[in-house]
Amino acid sequence: MRIRHYRQSLLVQAPAKLNLFLEVLGKRADGFHELVTLMMSVRLYDTLQFHDDPSGRIALRCRGADVSSVGFVPTGEDNLVMRAARLLREHTGVQRGAAIDLWKRIPSAAGLGGGSSDAAATLAALNRIWELHLPLGELSTLAARLGSDVPFFLGRSTSAICRGRGESIEPVEIPVGLWFVIVRPPSGLSTADVFAHLHSSSGIDSRSQTETDVETLVRHLQCGRRGRAAASLHNSLQVPAERLSGDVVRLRTEFDRQPVCGHLMSGSGSAYFGLCAGRREARRVAARIRAARIGRVFAASSGA
Ligand code: C5P
């Protein structure tokens with residue numbers, strides 16, 4: 001994320017993420033699934049602006065494409081931004097409030113981590129404007145209570161292998177500037193639904209094989225071997241997501257026809273991405289998919 005001062009406020013650019021690898025290892029006693037995933041932030045951003053409010057009131061204004069369409073982005077107390085602000089206040093006992101503006105650009109219910117990134121941005125920004133000075137480790141513990149993906153966005157690394165339910169982060173060095181075409185089809189998917197449909201449709205893999213597979217992918221990406229990396233893209237949530245959503249099947253079929261190195265669904269979907277040879281190729285593929293009118297299309301590179 002990028003944070004800067006703007007007049008009396010803090011402005012934060014909160015990036016989306018893609019999962020280039022996701023394997024589910026099993027279901028845990030707490031109901032979550034144990035997984036190994038490679039997360040990478042991409043330069044597709046929500047923007048948040050934070051003003052301190054000494055009166056103690058916390059207010060959120062939300063704008064953007066998904067906000068106006070009923071039911072996509074909760075704008076009240078359920079929004080992860082509000083929950084992050086309240087959790088931080090509860091944890092520290094601070095009495096201050098904030099006026100928060102959120103411009104949503106990252107599609108929701110898409111597996112792109114938009115809500116999680118907004119929550120991480122809120123923790124980081126309010127930690128500064130409320131002068132709390134909480135260290136990253138403490139913020140990460142709070143982040144994990146808000147959602148499995150939130151700690152990844154708090155970290156400084158643009159790529160990480162995430163384990164546990166996704167909250168345990170191992171940063172990896174992968175050069176930024178990989179180009180992707182990302183498409184959010186008309187329908188979204190609920191993360192809980194996709195995980196719930198996992199057992200009936202796909203197997204659960206062994207840890208040692210999974211570790212080998214994700215490390216192989218990381219090595220290819222580190223060495224710039226895009227073609228070989230593309231062959232190692234993997235998401236075990238794609239099978240259940242395709243059962244739940246014809247849109248995901250349509251996107252896979254469309255990407256099969258495009259000149260991309262490889263393609264995959266991100267996270268629990270429904271967004272889908274293609275890994276491209278470079279910026280020019282990404283722009284070209286994005287234009288072709290836009291013409292097919294099967295969703296909202298973005299060309300974005302990896303980076304914070
Ligand atoms: O942590 P998060 O709020 O993103 O999780 C949403 C839902 O997705 C959980 O309630 C759970 O049903 C499912 N989930 C899971 N295993 C994970 C992450 C999420 O089963 N590792």
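Here the structure is a predicted model, which is why all the values come from computation and not from measurement. Residue indices begin from 1 for each chain and proceed along its sequence in written order. The predicted origin of the model limits local features to residues at a pLDDT of at least 70 and limits the giving and counting of side-chain atom pairs to 80 or more, whereas totals for whole chains, interfaces and linings rest on all residues. Hydrogens are left out, water is left out, and the side-chain values use all remaining heavy atoms of the structure.

Caption draft 1: Expanded view of the domain arrangement of the protein chain. All domain edges in this entry derive from an automatic or database-based domain assignment. Per the domain assignment, the segments of the protein chain are domain 1 (2-171) and domain 2 (179-301). In this structure, domain 1 and domain 2 have C-alpha centres spaced 23 Å apart. Contacts between domain 1 and domain 2 engage 32 residues on the former and 40 residues on the latter. Throughout, the accessible surface (probe 1.4 Å) given up by two parts as they are put together, summed over both, is called the buried area. Of the roughly 3000 Å² buried at the junction of domain 1 and domain 2 (both faces included), carbon and sulfur atoms supply 65%. Any two residues whose heavy atoms approach within 4.5 Å are treated as being in contact.

Caption draft 2: Main features of the environment of A192. Only DSSP runs of H or I covering at least 4 residues are called helices, and only runs of E covering at least 2 are called strands; the numbering of each starts at the N terminus. Among the secondary structure elements, A192 is positioned in helix α6 (residues 191-196). Relative accessibility thresholds used throughout: buried, under 20% of the residue-type maximum; exposed, over 50%; partly exposed, between the two (1.4 Å probe, protein chains only). When its relative accessible area of 56% is taken as the criterion, A192 is described as exposed. Spatially, the C-alpha atoms of A192 and F32 are 9.3 Å apart, while their sequence positions differ by 160 residues.

Caption draft 3: Here's a closer look at the environment of L22. Among the secondary structure elements, L22 is positioned in strand β2 (residues 9-27). On the accessibility criterion, L22 (4% relative accessible area) is buried. Between the C-alpha atom of L22 and that of L35, which follows or precedes it by 13 residues, the distance is 7.0 Å. Beyond its immediate sequence surroundings of up to four residues, L22 is in contact with V36, T37, H234, N235, S236, L237 and G267.

Caption draft 4: Up close: the site of the ligand. Nearness here has a simple test: a residue counts as near a molecule or strand if at least one of its heavy atoms is within 4 Å of that partner. Close to the ligand lie G31, F32, H33, L35, G147, S148, R165, T191, A192 and F195, which account for all nearby residues. Counted as a polar contact is a pair of N or O atoms within 3.5 Å, where, for protein atoms, one must be capable of donating a hydrogen and the other of accepting one, and residues adjacent in sequence contribute only when both atoms are in side chains. A distance of 2.7 Å separates an oxygen atom of the ligand from a polar side-chain atom of H33. Residue R165 places a main-chain N or O atom 2.9 Å away from a nitrogen atom belonging to the ligand. Against a free-state accessible area of 450 Å², the protein chains account for coverage of 71% of the ligand. Within the residue set of the shell around the ligand, elements represented by two or more residues are β3 (33-53) and α6. The element best represented in the shell around the ligand is α6, accounting for three residues. Under the scheme applied, nonpolar residues are Ala, Val, Leu, Ile, Met, Phe, Trp, Tyr, Cys and Pro; charged residues are Asp, Glu, Lys and Arg; polar residues are all the others, including Gly. Residue composition of the shell around the ligand, grouped by class: four nonpolar, five polar and one charged. Looking at which domains feed residues into the shell around the ligand, each of domain 1 (2-171) and domain 2 (179-301) gives three or more. Per-residue accessibility takes into account occlusion by the displayed protein chains alone, with areas from the Shrake-Rupley method and a 1.4 Å probe.

Caption draft 5: Examining the sheet that holds strand β8 (residues 179-184) more closely. Strands are labelled as partners when DSSP assigns at least two bridges between them. One open sheet accounts for four strands, arranged β10-β11-β8-β12; its pairing is antiparallel. Strands at the two margins of the open sheet, each flanked by one partner only, are β10 (262-265) and β12 (296-301). Taken over all neighbouring pairs, the strand axes of this sheet differ in orientation by 20 degrees on average, direction set aside. Bridge analysis of β10 against strand β11 (residues 272-276) gives four bridges, and the strand direction is antiparallel. In the strand pairing of β11, H263 is matched with G274. Inter-axis angles, ranging from 0 to 180 degrees, are taken between N-to-C directions of lines fitted to C-alpha atoms, where helices are fitted over the stretch in contact.

Caption draft 6: Geometry of the packing of helix α3 (residues 114-129) against helix α4 (residues 136-146). Their axes nearest at 10 Å, the elements α3 and α4 cross at an angle of 145 degrees. Where α3 crosses over α4, the handedness of that crossing is right-handed. Between α3 and α4, the contacting residues are A119, L123 and N127 on the first element and L139, L142, A143 and L146 on the second. Looking at the contact of α3 with α4, its residues break down into six nonpolar, one polar and no charged. Each crossing is labelled by how the near helix is turned from the far one, with a counterclockwise turn of less than a right angle marking it left-handed and a clockwise turn marking it right-handed.

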